[in-house]
Every structure is written in C-alpha cells, then in structure tokens.
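Here is how the chains run, residue by residue.
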Amino acid sequence: SSSCTVDDRTYSTTPLVSFLQRLQSEALKTLGPSSFDPKFYVDLPLKKDLSLTEAAFWKLPRVKGIIPENYLHRFLEAYFDDAGDDMVYTEPEDFVPEPVEFLPKVFNPKVRVWALEVHSLWKNLSRRVSDNVKKYPERHTLLPLPEPVIIPGSRFKEVYYWDSYWIIRGLLVSKMYDTAKAIVNNLVWLVDAYGHVLNGARVYYANRSQPPLLSSMVMEIYKRTGDLEFVRKSLPSLMKEYTFWISGIHKVMIRDLHGHKHSLSRYYARWNKPRPESATIDVESASKFLNDSDKEAFYREVASTAETGWDFSSRWMSNSFDLSTLSTTSIVPVDLNTYLYKVELDIAFFAQQLGDIKTHEKFFKASKARQFAIRSIFWNAEMNQWLDYWIRSKDCEDVHQFEARNQNDRIFASNFIPMWNWKHASGLGENNIMVERILESFQKSGLLQPAGIVTSLSNNGQQWDFPNGWSPLQHLIIEGLSNSGSKAGWELAQDIAVRWIRTNYAAYNTTGAMHEKYDVKGCGKVGGGGEYKPQTGFGWSNGVVLALLEEFGWPFDRDIECRS
Ligand SMILES: OC[C@H]1O[C@H](O[C@H]2O[C@H](CO)[C@@H](O)[C@H](O)[C@H]2O)[C@H](O)[C@@H](O)[C@@H]1O
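Residues numbered from 1 in each chain as written. Predicted model: local features only at pLDDT ≥ 70, side-chain atom pairs only at ≥ 80, totals over all residues. Heavy atoms only, no water.

Q: Which residues make up the sheet that holds strand 5 (residues 261–265), and what are the values?
A: With mixed pairing, 3 strands are arranged side by side in an open sheet as 5-4-10. At either margin of the open sheet sits one strand with a lone partner, and together these are strand 5 and strand 10 (399–401). Strand-to-strand twist across the sheet, computed as the mean angle between neighbouring axes with direction ignored, equals 35°. Across the face of the sheet, helix 14 (residues 357–378) comes into contact with strand 4 (251–255) and strand 5 while running at roughly 95° to strand 5. (Pairing = 2+ DSSP bridges. Helix = DSSP H or I, 4+ residues; strand = E, 2+ residues; numbered from the N terminus. Axes fitted to C-alpha atoms, helices over the stretch in contact; angles between N-to-C directions. Contact = heavy atoms within 4.5 Å.)

Printed below as a string of structure tokens:
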C-alpha cells in the first residue's frame with residue numbers, strides 16, 4: 001500500500017492467461033463442479049494464434065449464458081492440443097535398469113525388487129519442453145526450459161521448485177547425475193530470467209517462488225560428483241536468488257527483548273488476484289468478502305500460501321477451520337528461515353571452495369546472524385520447539401517489537417524443521433541435554449503417528465494438515481534426527497523411516513502407484529483433503545523412499561509388510 005516503504009506491486013498477467021482463465025470459468029458453467037480441474041484449462045496449448053482462438057470462442061452459441069457441452073468439446077478439439085502435450089517424453093540418457101552399487105544396504109529381496117520399480121519410475125516422469133513451445137512461446141503457458149526435467153506427476157506436468165530437491169535426492173541414489181544437473185540448470189535459467197525460482201515452470205507461477213532449496217540441490221550434487229565447475233556456474237544465480245528472499249517484501253525486521261535487531265524473511269507473493277490455476281475456486285472462496293480491497297488482500301494471502309509449499313494449512317490461518325483467515329504474509333516462518341540459513345552456509349562453503357574469501361566471509365557472517373535470530377525469535381524454551389512468529393503490529397512498521405505471545409504455540413511438523421541443520425541452526429551446539437529435550441518434546445507432540453509424521457494436529461480437511469503426512473517433511477525431520485549426534489535421535493529417525501517406507505510400499509501394492517501424500521493414521525493409507533484430487537506419480541515420494549533406503553538400508557529379515 002502507498003503508506004508502506006515496501007514495494008508490493010504485483011505482476012501483470014498475460015493476454016493468454018486471461019483468456020484461458022475466462023475459458024476455465026465458462027467451462028465450469030458448462031460442465032459443473034464435479035471432477036472439474038481448473039488447472040487443466042490454463043495448461044491448454046493453443047493450436048492457432050490467440051486472436052483467432054478468441055474470435056471463435058466469442059462466436060460460440062450460449063444458451064441462457066452457458067456454452068452447450070458439445071460446442072465446448074468441439075471448440076477445445078479444434079483450437080487446443082491436450083494439456084501436457086507441451087511437455088514431451090524424453091528418455092533419460094543416464095538411466096540404467098539396475099545402477100552399479102544400487103542401495104548396497106538393502107538385503108530383503110522384496111524391498112530390492114520394489115526399490116528398483118520405484119527407480120524405474122524416473123522414466124515415466126522424464127520430460128522435455130516440446131519444440132512447439134520454442135517455436136510459438138506466445139501460444140503456451142509453459143516456459144521454454146532449456147534442458148530435460150523430472151515432473152512430480154499426474155496434474156503436475158511441469159517442473160516444481162521444492163519438489164525438485166527430493167527428486168534430485170532420489171536421482172542421486174539412482175546415479176542419474178546428468179538428469180539431476182539438468183534440473184538445476186533449468187532452475188538457474190529461471191533465476192536468470194525472473195530473479196527467483198518460480199513456484200513451477202508456467203508463466204502464471206511467475207508471481208511467487210517456493211521454499212528456497214536450490215543451493216541444497218547444488219550441494220547434494222557437489223557432494224556426490226565433486227563437480228566444482230558445476231558449482232562455479234550455479235553460484236551467481238544462488239546469490240541472485242538469495243537477494244530476492246532477504247530484501248523487499250520478503251524481509252521482516254524484529255527487535256528482540258534485549259534490543260537486538262534481527263533480519264528474517266517471510267513468504268509474500270506479488271499477486272492479489274485469483275490464482276489462474278485455481279481461479280474458479282479462489283473466486284468462490286473470496287465471495288464472502290464484500291469489497292474489492294478485502295478480496296485483493298485475501299487473494300494475496302492465497303498466493304503467498306502457495307509460495308510456502310504448504311497450500312493450504314491451518315498453520316497460516318488464525319481460525320484453523322476458516323480459509324478466509326489466511327494470514328501468511330503476517331507470519332515469519334520457522335522453516336523458510338531454516339532454509340535460508342542453509343543457503344547462507346552453502347554459499348559460504350561454495351565460495352570457499354572457489355577461493356572467493358570475501359564472499360565466504362560475508363555469507364558466513366550472515367549465517368551467524370540468522371542462527372542468532374532463529375534462536376532469539378523462534379525458539380521456545382518451555383515447549384522445546386521452534387515456533388512461527390506472527391507479526392501483529394502494523395504491517396508497514398520498519399522494525400517489529402518481539403512479544404512472546406506472538407509465537408504460535410500450535411503444533412506443526414515445521415516446529416521441528418530446524419533440526420535439519422541441528423547443530424548449526426538451533427545454536428544448541430553439542431548440548432546433549434537440549435537434544436534429549438527436543439526429542440522428548442517431539443515424541444510427546446502427537447506428530448508421530450503409526451505411519452509417519454503428521455503435518456499438524458488440526459483435522460480441518462486441508463491437505464497440509466491432519467491426517468496427512470508428506471514426504472518432504474518426513475525426510476527433513478528424519479535427516480535432522482539422524483544427524484543429531486544422539487543415539488536416541490538416530491534410532492527415532494530409523495523408526496520413522498521404517499514406518500514411512502512400509503506405508504509407501506503397502507499403498508504401492510494396493511494401488512500400483514506412489515502417492516503425493518499419505519494418511520499417516522494407519523499403514524498403507526493414501527492422503528486426501530485439499531482443493532484437487534490426490535495425485536500419483538510421484539516425484540518427491542519416489543525420491544524420499546530411495547534416499548531413506550540408501551541411508552538406513554533394509555535387513556534381510558525385517559518384514560516390509562504393515563504391522564497391524
Ligand atoms: O493447483 C493448486 C496448487 O498446486 C501446487 O501445490 C501442490 O503441489 C505442488 C507440486 O507437487 C507442491 O509443490 C505443493 O507443495 C503442493 O501443495 C502448486 O505448487 C500451487 O502453487 C498450486 O496453487
């Protein structure tokens with residue numbers, strides 16, 4: 001707003017996206033809400049130029065303002081290719097059916113057979129941008145990425161930012177180093193073009209990013225390949241992306257009770273309209289707001305929540321059962337700042353490897369400052385957890401005064417994500433007593449369920465809530481526990497990994513697919529809730545299963561079947 005010092009101007013939409021959104025809303029009137037997926041329409045590639053397509057659209061007959069179904073189908077066939085035709089299958093050149101030294105600690109034959117099947121799923125998910133997109137970019141919402149990608153699967157037919165981190169973790173287990181590097185090169189291409197990695201590689205995702213894990217992708221690839229040239233090429237884009245996250249609308253200053261000022265970051269999309277991929281849903285959700293500025297503020301919160309990766313969750317709502325209370329831009333999130341701390345450490349490390357001491361020192365100093373901030377603003381010594389901080393003072397204030405009551409003491413899996421960088425981010429060092437307390441707090445939290453870690457304790461029908469468990473959250477916490485330096489921590493990590501692997505295996509056997517999310521109340525149950533049908537495929541779940549099997553192995557005599 002005009003009284004703020006921050007520049008919160010929004011992105012402008014493109015004529016193609018506006019038209020497809022119009023088509024989406026007309027199609028909903030024709031087809032009705034059952035099985036309607038709004039994303040399908042904004043992903044449709046045009047066969048002809050937009051002006052011709054629009055002219056034909058306006059000529060379609062309407063009966064009581066509605067396009068008859070047979071006319072709509074004929075129009076779609078005549079003027080559009082299928083959603084997904086813009087991404088074509090490409091054989092990953094570094095795929096072999098059984099990589100040398102694949103999962104050396106997995107001895108149980110059933111698990112080995114399944115792991116090889118999961119490995120083979122990379123072939124189903126491998127795509128490159130079709131030549132048509134390069135020839136007629138204005139006919140596509142897909143962005144012309146230069147190299148092949150691995151997609152999450154089903155309706156998610158394009159590359160996604162944070163999904164790619166766990167996809168890469170799995171590709172590294174599968175020894176598919178070139179495919180992993182190609183994904184990073186595409187994300188680097190997005191940073192160069194837009195200044196940040198987009199939520200996903202569609203033009204309608206340009207207004208926001210997703211959890212910043214690009215440096216972690218580069219780091220994991222470097223650890224496996226030692227390819228310093230790859231690091232050298234990626235580093236300028238990592239630094240550019242870092243600036244996106246620590247400045248402008250993403251930056252929040254908080255003064256702690258001792259007068260120290262801390263610079264932290266929040267999610268904040270440059271968008272105050274319905275998300276094109278879900279516009280019909282957003283318009284409906286916003287209908288309870290009467291004036292335009294309240295609607296715009298709500299749309300901004302919706303898009304900013306998509307930037308968090310946790311879309312949607314009670315974590316971002318002041319009333320867990322009312323989506324219209326989304327307040328994401330007023331929340332300083334524990335996990336985002338944990339990831340940024342990692343970005344600072346990663347860049348400092350890469351700069352050191354490349355002999356750039358000045359950059360190394362600058363980023364190392366920044367990491368120390370964030371470590372102090374995480375400890376000062378998020379840590380709650382009574383709960384032994386890290387809690388999101390809600391900004392309740394005026395949004396335009398330059399520095400917000402810390403108040404303990406503004407820490408959100410509801411239980412979310414994110415309250416334990418700083419364990420991912422355990423010794424660094426927590427600032428707890430080798431303090432074993434603290435480690436044991438955090439372990440106890442985690443075990444008593446209610447987050448640990450029979451089939452893995454649940455996202456929150458609120459059963460409100462949102463997908464990033466109870467009873468869903470998501471692969472990325474399992475992996476972050478398991479990795480944190482296993483690196484805690486505590487024997488109990490490592491054992492708990494293994495216990496959760498076993499539960500998670502079993503549930504993925506059981507669901508695979510009954511449904512024939514890997515799933516986007518699972519219901520962790522019981523072994524073998526798939527997840528639900530949220531605004532779209534649960535998806536299969538699925539990139540990050542495949543990656544996490546492979547990464548966990550590599551880390552923990554599977555002994556010959558341990559059953560893979562669910563324990564009833
Ligand atoms: O179409 C609705 C939303 O879908 C995406 O979010 C979900 O899927 C992503 C891909 O697996 C995943 O990264 C995200 O965490 C999920 O919540 C998309 O990212 C959203 O922007 C979109 O509005």
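Q: How would you summarise the nonpolar core if you had to cite specific residues and measurements?
A: Where a protein is soluble and globular, its nonpolar side chains tend to be buried together. Of all hydrophobic cores here, the largest spans 167 residues; its most connected members are L23, F80 and L214. In this structure, L23 is in contact with Y41, L44, F57, L72, F75, L76 and F80, ignoring residues within four places of it in sequence. (Core = buried A, V, L, I, M, F, W, Y, C linked by side-chain atoms within 4.5 Å. Buried < 20%, exposed > 50% of the residue type's maximum accessible area, 1.4 Å probe, protein only.)

Q: Got a sec to walk through the pairing of strand 5? Specific residues and values, please.
A: On any regular strand, side chains alternate: one points to one face of the sheet, the next to the other face. Here strand 4 runs beside strand 5; their pairing, made up of 5 bridges, is antiparallel. Paired with R255 across the strands is K261, a residue of strand 5. What sits between strand 4 and strand 5 in their antiparallel hairpin is a turn of 5 residues, with G259 showing a positive phi close to 90°.

Q: Hey, could you go over the state of the cysteines for me, with residue numbers and the actual values?
A: Disulfide: a covalent bond formed between the sulfur atoms of two cysteine residues. With the rule as written, the count across this model stands at 1 disulfide. Here C523 connects covalently by a disulfide to C562, the sulfurs 2.2 Å from one another. An S-S torsion of about -75° defines the bridge between C523 and C562 as left-handed. Of this pair, C523 sits in the loop between strand 14 (517–519) and helix 19 (539–552) while C562 sits in the segment after helix 19, placing them 39 residues apart in sequence. (Disulfide = S-S within 2.5 Å.)

Q: Go over the site of the ligand with me, naming the residues and quoting the values.
A: Around the ligand sit 21 residues in total, of which D163, N199, E277, G309 and D311 are the nearest. Q210 places a polar side-chain atom, nitrogen or oxygen, 2.9 Å from an oxygen atom of the ligand. A distance of 2.6 Å is found between an oxygen atom of the ligand and a side-chain nitrogen or oxygen belonging to E277. Notes on the ligand: free accessible area 490 Å², of which the protein chains cover 100%. Here the residues of the shell around the ligand sort into 9 nonpolar, 5 polar and 7 charged. (Near = heavy atom within 4 Å. Polar contact = N/O pair within 3.5 Å; in protein donor to acceptor, adjacent residues only side chain to side chain. Areas by Shrake-Rupley, 256 points an atom, 1.4 Å probe, with all protein chains shown as cover. Nonpolar A, V, L, I, M, F, W, Y, C, P; charged D, E, K, R; others polar.)

Q: Would you mind going over the sheet that holds strand 1 (residues 87–89) in detail, with residue names and values included?
A: Taken in spatial order, the 3 strands make up an open sheet running 1-2-3, and their pairing is antiparallel. One side of each edge strand has no neighbouring strand; the edge strands of this open sheet are strand 1 and strand 3 (149–150). Summarising the sheet, strand 1 and strand 2 (residues 126–129) pair through 3 bridges and their orientation is antiparallel. Among the inter-strand pairings, V88 is bridged to a residue of strand 2, identified as R128. Strands in contact with helix 5 (residues 109–124) are strand 1, strand 2 and strand 3; relative to strand 2, the strand with the most contacts, it is inclined by about 15°.

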